[in-house]
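# Residue-level structural notes
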Amino acid sequence: DGFVHLEDYAPPAWRIPHAELAFDLEREATVVEATLRLEPDPGQPGHAVVLDGEELELLDIEADGAPLPADRWDYDGRHLRIDGFASAFTLRTRARIRPADNTRLEGLYTSGPLLLTQCEAEGFRRITFFADRPDVMPTWRIVLRADRAAFPVLLANGNPAGTRELDGGRHEATWENPHPTPCYLFAIAAGQLRRVTHTLRTAEGREVELNVWAQGDDVVRCHYALGAVERALRWDEQRFGRCYDLEVFNVVAAQDFTMGAMENKGLNIFNARYILADEESATDEDFLAIESVVAHEYLHNWSGNRVTLRDWFQLSLKEGLTVFRDTEFSADLHSRALKRIEVVRLLRARQFAEDAGALAHAVRPDRYREISNFYTLTIYEKGAEVVRVLQALVGEEAFRAGMDRYFADNDGRAATIEDFLAAHAAASGSDLSDFARWYAQAGTPELWITADYDEASGDYTLQVDQHTPPTPGQAHKEALPMPLRFVLFAPDGGVIDAAPETDAPALPGGGVALTQATHVLRWRGLRARPLPAFNQGFAAPVKLRFEYDAADLAALARFESDPFNRWDLLQRLASGALLHTLDPEQATVALGDALGALLDDDAADPAFVAECLALPDFDTLAEACDVVDVDELVARRESLLDRLAEEHVERLQRRYESLAAAAGDGLTAPAMAARALRNACLAWLTRLDPEATLAQAQFATATTMTARLGALRCLVHFEAPGAAAALAEFRTRWAADPLVTDKWIACLASRPHPDTLDDIGELLASSWWLPTNPNRVRAVVGTFSRANPLGFHRRDGAGYRFVAAQVEKLDGINPQVAARLLGAFETWRKLAEPLRHQARLALASLQGRLHSGDTRDLLQRLLD
Ligand code: B3K
Ligand code: ZN
């Protein structure tokens, strides 16, 4: 059926304890010589050797130093099969590959003048013949030979092990990676790279050279990323007791890169957008994203590399865990509440939608056709939330002990989620067998909570019912163990301290553990009906259902001192007003009052106030609807924004002005916070001012990209008279910088108007369109389909047809990028007519026209 199934896992019949690769690097044709030590698994004798290999031109094949006769091997373009060996031997192959023709950017490819690799998940088979699976983990010796002038820098995994000059202007560099490492973590980078560098000593006393490499003048924009590497390294030492384990840690910035970045052992390769930054060209958001992605990849050195995966079904074992670790890193270094807000926004807008749509899958899926389609919000973000739930259930101390145990027991191994849970069960003494359901069960759990107050006795009960809706292929769901945090407020806002009577076990950090589908919590003799609040800090990734009215939520927002919880309550108020789950007028008034009070509160963190001004976005609102009427939803949101802006115009002006000085240059938290709130105020004020005078002035005088782009967005999105001039100026000034060019393009592609499709048509006919560059494709098509509801969901279906046509074209260039774009259709079945019909037509038009496994898999799942 084309699926790989989790239950079919079998360990490799042949192991590869050591691999030596020699590359003769050239852009057009590179020759790869692989010398592999192959050893049969004594437990599974009698298997032929089967190696993966794709688009390889096999030149030579030898075993133990002698040519292998033609009747002993067969290569069908996908697998190299070798027969007749029963004991260990050494295989040597030579194959030719064509980097310059590799538009898929998987395997060895060119990016401008550079030669780079991307192997995860299954790209190594496009470099040489190998057992391309994560549970085959050799140590490595890698020799790179190339023309010295074109490729002065030659990098690979591990430690440098010598260089030498060769004839004909060529040179050679050797690298040794002593750690058992699967081939998906293999990497090389070659070319005219320059670096920023810093040497430090790890807590274990190892001297390590940290380098961040980029092309030409870009190197001056690598300092921030270098600092982030050091911060991540120190944080992992302090927080998890994990030290770095090689002599060098290299990071390379690439303009052409399909994903965000890649954690190759000792040689991380990054999309340039997550490395290059200075205040002129990068926004504050960019800086924070760079720091968190740099940390994410660095932290993989333990969660992913030292302990790797048995098979790709375990993907979240490294990705969910590493997202958990990188969000903790960001929370420790900056504001924990703001980081939590960012994560919860992403979950609600995107992961919940994924979990409820056609592509829903468990954190550990049990089958896949194409693993590249499983680098998802569910594997990453929900996977991280599941780790957070585990930490809440066992307590922070036991969790840390469990992590130590996990790393100790599995170092150098290819592990499973069972290994992870076993380490935590042992360290905490808890039974985690029910907890494992979090990994197997798709869908977002719902907690339905009902309250009953008996006036006579003062008894108050809360009944908590857990329910997870069915998802494709999973009709029946079981209850998941999770924390339930709650607070009862008395009518005067005082906290009622009494613990409830309940069969749900108490938790180390407060609240109870829900272990069954239903629990009851009972308080006796309360003087008045209390007002409950739940799921503080979003401790469980669930949808909470409780009958509040607008006044309840407004009161809770006043009682609540924790910023995350206050933000969450205001989001609920706004959603209720927009989705009419609350009385819209009451909710709007209450929200207006709360925002007014926040804008008046000069003691509140301006970054937090800015988060509260950012109402739930279209995706979040749509996710909460059973049927999505796009135009109606957008119109309601716009009119709420208009009304709130009008109500608070003076407050907005005052905050905008009063923060001017604080918002100057510099990456300090107060300056970034001031810029965030100023941009939020500017957006609200611009909607009231057709001439957009403030935005024009901010654009003209901006000294940071944050201020400049904030103003440009206002001008373009509100179609101010100055928009065209500002766009033209911005475009010219940054024409040579692809990353900044992506910013004005994304700004254009997200203009909330059905006509935006015409602008995009012009863009695609211009020299700005670079279909081989993933960042550019995302800036144009990704932004349009994911951040422009009025454009993408045009009533005539033109937005859908445009995206479908691009998917077809890009499928022949970079299938992973094409497949990603198809994801914009994941909730098409919820669209109100005529959109649902139009979406179906656009998808159906692709049937039989897609060629890659990536896009065909997604299309089929979308239409099934
Ligand atoms: N592990 C890589 C993602 C690779 C994606 C391959 N299609 C980046 C990361 O999550 O750190
Ligand atoms: Zn990762």
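Per an unreviewed UniProt entry, the protein chain goes by Aminopeptidase N and derives from Arenimonas composti TR7-09 = DSM 18010. According to the UniProt record, the Catalytic activity (unreviewed entry) comment for the protein chain reads "Release of an N-terminal amino acid, Xaa-|-Yaa- from a peptide, amide or arylamide. Xaa is preferably Ala, but may be most amino acids including Pro (slow action). When a terminal hydrophobic residue is followed by a prolyl residue, the two may be released as an intact Xaa-Pro dipeptide." On record in UniProt, under Cofactor (unreviewed entry), the comment for the protein chain is "Zn(2+)".

## Here we look at the domain arrangement of the protein chain
Bring the parts together and some accessible area is lost; that lost area is often taken as the interface size. According to the domain assignment, the protein chain contains domain 1 (4-191), domain 2 (446-550) and domain 3 (734-864). Just the C-alpha atoms count here: the centres of domain 1 and domain 2 sit 55 Å apart.

## Concerning helix 5 (residues 377-394)
Given a rise of 1.5 Å per residue, 18 residues ought to cover 26 Å, and the 25 Å separating the end C-alpha atoms of helix 5 matches this to within 8%. At G383, helix 5 is deflected by roughly 25 degrees, the largest bend along its length. G395 sits one or two residues past helix 5 and shows a positive phi near 95 degrees.

## Brief notes about the pairing of strand 15 (residues 170-177)
Here strand 12 (residues 139-147) runs beside strand 15; their pairing, made up of eight bridges, is antiparallel. In the sheet register, V143 faces strand 15, and the bridge partner there is T174. Bridge analysis of strand 14 (residues 159-165) against strand 15 gives five bridges, and the strand direction is antiparallel. Paired with E165 across the strands is H171, a residue of strand 15. From the end of strand 14 to the start of strand 15, which pair antiparallel, there are four residues, and G168 there has a positive phi angle of about 70 degrees.

## A closer look at the environment of T163
Mapped onto the elements, T163 comes out in strand 14. Taking the C-alpha atoms as reference points, T163 and T174, 11 residues apart in sequence, are found 6.2 Å from one another.

Cut-off values and rules
- Residues numbered from 1 in each chain as written.
- Chains lettered and ligands numbered in written order.
- Predicted model: local features only at pLDDT ≥ 70, side-chain atom pairs only at ≥ 80, totals over all residues.
- UniProt positions renumbered as here; feature names shortened; annotations may be inferred.
- Domains from an automatic or database assignment.
- Helix = DSSP H or I, 4+ residues; strand = E, 2+ residues; numbered from the N terminus.
- Expected span 1.5 Å × (residues − 1).
- Bend = angle between axes of the 7 residues up to and from the residue.
- Pairing = 2+ DSSP bridges.

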